[in-house]
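Each chain is listed here by its residues.
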2 protein chains.
Amino acid sequence: MEFGPDDQIDYEHPVTPYRQLGDILRARIERGDWSPNRPIPSEARLVQEYGLARTTVRRTIKLLVDEGVLFVVPQRGTYVAEPGAEGESPGKA
Amino acid sequence: MEFGPDDQIDYEHPVTPYRQLGDILRARIERGDWSPNRPIPSEARLVQEYGLARTTVRRTIKLLVDEGVLFVVPQRGTYVAEPGAEGESPGKA
DNA sequence: AGTCATTTGTGCGTATGTATC
DNA sequence: TGATACATACGCACAAATGAC
């Protein structure tokens with residue numbers, strides 16, 4: 001990988017912070033830090049963990065949600081989507 | 001089943017605990033654990049059985065009452081409604 | 001009548017997460 | 001950045017009604 005940051009945000013990097021965070025989260029999910037249907041850290045948590053503004057973190061989340069990597073449950077949290085589940089919903093169950 | 005919990009509460013599950021309990025109770029009723037016009041365990045019982053706060057248990061009960069699955073008799077208990085009886089009364093006795 | 005145990009009803013406070021402005 | 005709103009969950013404590021003794 002030439003540009004994808006690893007686990008820290010680099011403001012001088014050509015890739016925007018929110019995309020860097022996207023790469024980081026994607027990598028952490030792939031690495032197994034968080035499993036499908038399991039919550040990732042809260043927005044506030046990610047903010048302090050990576051020293052980013054909440055706006056930025058939310059932008060990243062939206063990015064991954066659009067990619068089908070994450071899904072958000074209002075008033076609950078953000079979860080890891082199941083692999084190959086582009087437009088899945090938690091469904092009721 | 002993709003999301004519906006079975007018989008234990010999972011706090012990291014995308015579905016809120018009170019809804020999970022709703023799924024559980026609905027299943028137990030359908031399974032025949034408790035019959036129509038028979039009381040389900042008291043709120044206190046459910047609290048210790050599932051490790052939830054009473055607030056949460058009550059939220060679940062309200063959910064099922066609204067669905068017509070259960071009906072509450074103040075100071076007496078919570079009962080299983082008869083199938084297809086949306087607004088029935090126990091008819092005292 | 002009085003007491004006790006059980007069960008639902010209610011209110012207050014605290015914490016966490018996302019949603020919105 | 002900050003404030004506020006909403007949904008959810010926990011804990012505690014007390015009130016009120018019921019039923020058994």
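Residues numbered from 1 in each chain as written. Chains lettered and ligands numbered in written order. Predicted model: local features only at pLDDT ≥ 70, side-chain atom pairs only at ≥ 80, totals over all residues. Heavy atoms only, no water.

Let's shift gears to the protein's contact with DNA strand C. DNA strand C sits among 21 residues. The nearest are Glu43 and Gln75 of chain A together with Glu43, Arg54 and Gln75 of chain B. Each atom of DNA strand C within 4 Å of the protein was classed as base or backbone; sugar and phosphate made up 61%. Interatomic distance of 3.4 Å between a side-chain N/O atom of Arg54 of chain A and a base nitrogen of DNA strand C. Between DNA strand C and Arg58 of chain B there is a distance of 3.3 Å, counted from a phosphate oxygen to a side-chain nitrogen or oxygen. Residue assignment for the surface near DNA strand C shows that the elements contributing at least two residues are helix H3 (54–67) and strand S2 (77–80) of chain A together with helix H3 (54–67), strand S1 (70–73) and strand S2 (77–80) of chain B. (Near = heavy atom within 4 Å. Polar contact = N/O pair within 3.5 Å; in protein donor to acceptor, adjacent residues only side chain to side chain. Helix = DSSP H or I, 4+ residues; strand = E, 2+ residues; numbered from the N terminus.)

Here we come to the packing of aromatic side chains. Residue and element names in this part refer to chain A. Scanning all chains against the criterion turns up two aromatic pairs over all chains. Plain terms: the ring middles of Phe71 and Tyr79 are 5.6 Å apart, the flat faces sit at 20° to each other, and that makes the pair stacked. Accessibility classification places Phe71 together with Tyr79 in one group, the buried group. A cation sits over an aromatic face here: Arg59 above Tyr18, 5.7 Å from the ring centre. (Phe/Tyr/Trp six-rings, centres within 6.5 Å; stacked < 30°, edge-to-face > 60°. Buried < 20%, exposed > 50% of the residue type's maximum accessible area, 1.4 Å probe, protein only. Lys NZ or Arg CZ within 6 Å of the ring centre and 35° of its normal.)

Residue and element names in this part refer to chain B. Structurally, Pro83 is set in the segment after S2. Its relative accessible area of 73% is what places Pro83 among the exposed residues. Spatially, the C-alpha atom of Pro83 lies 19 Å from that of Thr60, the residues being 23 residues apart in sequence.

A few words now on the UniProt feature "domain: HTH gntR-type" (unreviewed entry) in chain A. Following the UniProt record, one finds the feature "domain: HTH gntR-type" (unreviewed entry) at residues 15–83 of chain A. Here residues 15–83 of chain A runs as 54% helix and 12% strand, with 25 Å between its end C-alpha atoms. (UniProt positions renumbered as here; feature names shortened; annotations may be inferred.)

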